[in-house]
Amino acid sequence: MSGSSAVALVSAVAILGAVVWFDRHVLADLAGTSDRDLRYFGRNMWALIIVLSFPIGPMMYLLYGKGPGRLR
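Residues numbered from 1 in each chain as written. Predicted model: local features only at pLDDT ≥ 70, side-chain atom pairs only at ≥ 80, totals over all residues. Heavy atoms only, no water.

K.L.:
If you had to explain helix 3 (residues 56–65) to someone new, which residues and values would you point to?
P.N.:
When we look at burial in helix 3, the residues that qualify are Gly-57, Pro-58, Tyr-61 and Gly-65. For helix 3, the angular spread of the buried residues around the axis is 100 degrees, confining them to a single face. For helix 3, exposure combined with an orientation more than 90 degrees from the buried face picks out Ile-56 and Leu-63. Packing partners of the buried residues in helix 3 comprise helix 1 (3–32) and helix 2 (43–52). (Buried < 20%, exposed > 50% of the residue type's maximum accessible area, 1.4 Å probe, protein only. Helix = DSSP H or I, 4+ residues; strand = E, 2+ residues; numbered from the N terminus. Arc of directions from axis to C-beta. Contact = heavy atoms within 4.5 Å.)

Here's what the structure looks like:
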């Protein structure tokens, strides 16, 4: 394995780790949010949006998916 491919592999693993970490925290927030505080979609649809459309999905959930008092 050459030096540049090792750097690429380490970078890919670091980026994938950041994606998994962010998705996990947003999904944990979704799990802790009551059904009456969710807006626009149900819990299952938000989970699919979060997982399948990184990084837009988690940002959409954080900006639009939670109801009033979302900054608490």
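K.L.:
Describe unusual backbone geometry, listing the residues and the values that go with them.
P.N.:
One can expect most non-glycine residues to show negative phi and most peptide bonds to be in trans. Residue Pro-55 is bonded to the preceding Phe-54 through a cis peptide linkage, with omega at 0 degrees. Note that Pro-55 resides in the loop between helix 2 and helix 3.

K.L.:
Help me get a handle on the environment of Ser-34, residues and values and all.
P.N.:
As for its position among the elements, Ser-34 is in the loop between helix 1 and helix 2. The spatial distance from the C-alpha of Ser-34 to the C-alpha of Phe-22 is 20 Å, given a sequence separation of twelve residues.

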